[in-house]
Amino acid sequence: MAGGVAQVQGTVELALRRLAQKLELTSRFGDLTGEAVFSFQPRSFLVVGSLEEFRSEAGPNTEKFRSFELYRRSTVRPEIITFDELLHRAKFILEHAEA
């Protein structure tokens, strides 16, 4: 996971160096729209594993889960999320968008 964090951080840093801090948007015809996008510190995410990995036949492995939570909560960028948490968020958004 540490390698994934380093890779995401490197990719964001490279993108910020290659892109201007201010990007002026154009229409599909190339005309300026008057809108601008600023990219001072874009959000980034690392999607890894599943919370199921912390379960055993006897129940949750508290030490593994504790280590994971401490690591991801101390990592500001990128935000670390598991695949099942991402799926849960997507379902929540869809359910509330329909209401």
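Residues numbered from 1 in each chain as written. Predicted model: local features only at pLDDT ≥ 70, side-chain atom pairs only at ≥ 80, totals over all residues. Heavy atoms only, no water.

**As for the pattern of salt bridges**
The test is simple: The working definition used for a salt bridge is a side-chain nitrogen of Lys or Arg within 4 Å of a carboxyl oxygen of Asp or Glu. Each helix is a run of DSSP H or I of at least 4 residues and each strand a run of E of at least 2, with the numbering of both proceeding from the N terminus. The cut-offs for exposure are 20% and 50% of the maximum accessible area for each residue type, with area from a 1.4 Å probe on protein chains only; residues under the lower value are buried, those over the upper are exposed, and the others partly exposed.
Under the defined criterion, the tally for this structure stands at eight salt bridges. The salt bridge partner of R43 is E79, with a shortest N-O separation of 2.8 Å. Note that R43 is positioned in the loop between β2 (32-38) and β3 (45-47) and E79 in strand β6 (residues 79-81), a separation of 36 residues in sequence. A relative accessible area of 63% means that R43 is categorised as exposed. Three or more residues joined by partner-sharing salt bridges are found here, namely E69, R72, R73 and E85.

**Concerning the pairing of β2**
As a reminder of what qualifies: By definition, two strands form a pair when at least two bridges between them are found by DSSP.
Of the strand pairs in this sheet, strand β1 (residues 22-26) and β2 are connected by four bridges, and their pairing is antiparallel. Bridge pairing links L23 to V37 in β2. Where β1 hands over to β2, the hairpin turn is made up of five residues, of which G30 adopts a positive phi near 90°.

**Quick notes on the side chain of R72**
Under the convention used in this document: Contact between two residues is taken to exist if any of their heavy atoms lie within 4.5 Å; hydrogens are not considered.
Mapped onto the secondary structure, R72 falls in helix α2 (residues 62-74). Excluding residues that lie within four positions of it along the chain, R72 makes contacts with I80, I81, T82 and E85.

By themselves these figures say nothing about function.
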